[in-house]
Amino acid sequence: MKRETNIKLNTQLIKNYLKENNLSITKFCEMCNIGRSSYYSFMRSNLRIKATIFVKIAKFTKNKVEDLFIRESVD
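Residues numbered from 1 in each chain as written. Predicted model: local features only at pLDDT ≥ 70, side-chain atom pairs only at ≥ 80, totals over all residues. Heavy atoms only, no water.

A. Geometry of the environment of N46. With respect to the helices and strands, N46 occurs in the loop between α3 (36-43) and α4 (51-61). Among residues more than four places away in sequence, those in contact with N46 are L9 and S41. At 2.8 Å, the side chain of N46 forms a polar contact with the backbone nitrogen of R48. (Helix = DSSP H or I, 4+ residues; strand = E, 2+ residues; numbered from the N terminus. Contact = heavy atoms within 4.5 Å. Polar contact = N/O pair within 3.5 Å; in protein donor to acceptor, adjacent residues only side chain to side chain.)

B. Summary view of the packing of helix α1 (residues 11-20) against α3. Packing of α1 against α3 leaves a shortest axis separation of 9 Å and a crossing angle of 125 degrees. As summarised for this structure, α1 and α3 are arranged oblique, according to the angle between their axes. Residues T11, I14, K15 and L18 of α1 form the contact with α3, whose own contacting residues are Y39, F42 and M43. Here the contact of α1 with α3 is composed, by residue class, of five nonpolar, one polar and one charged. (Axes fitted to C-alpha atoms, helices over the stretch in contact; angles between N-to-C directions. Parallel < 35°, antiparallel > 145°, perpendicular 65-115°, else oblique. Nonpolar A, V, L, I, M, F, W, Y, C, P; charged D, E, K, R; others polar.)

Here it is, written out as structure tokens:
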């Protein structure tokens, strides 16, 4: 039987980054060169944002793009 996989965004990674680096959302967005609306879309796990947003966030936080996603198996 084939397992289904759900893909979610790893919002906890960003929350931790903000906390560890004492950054506000506004400052984080400025430093990533993304809009606040893109940030909030990401944090709401909206997978329909531009791929460049994922690249900018990953690059700024020194992560791989794939680290921004979580795969969960559904039984």
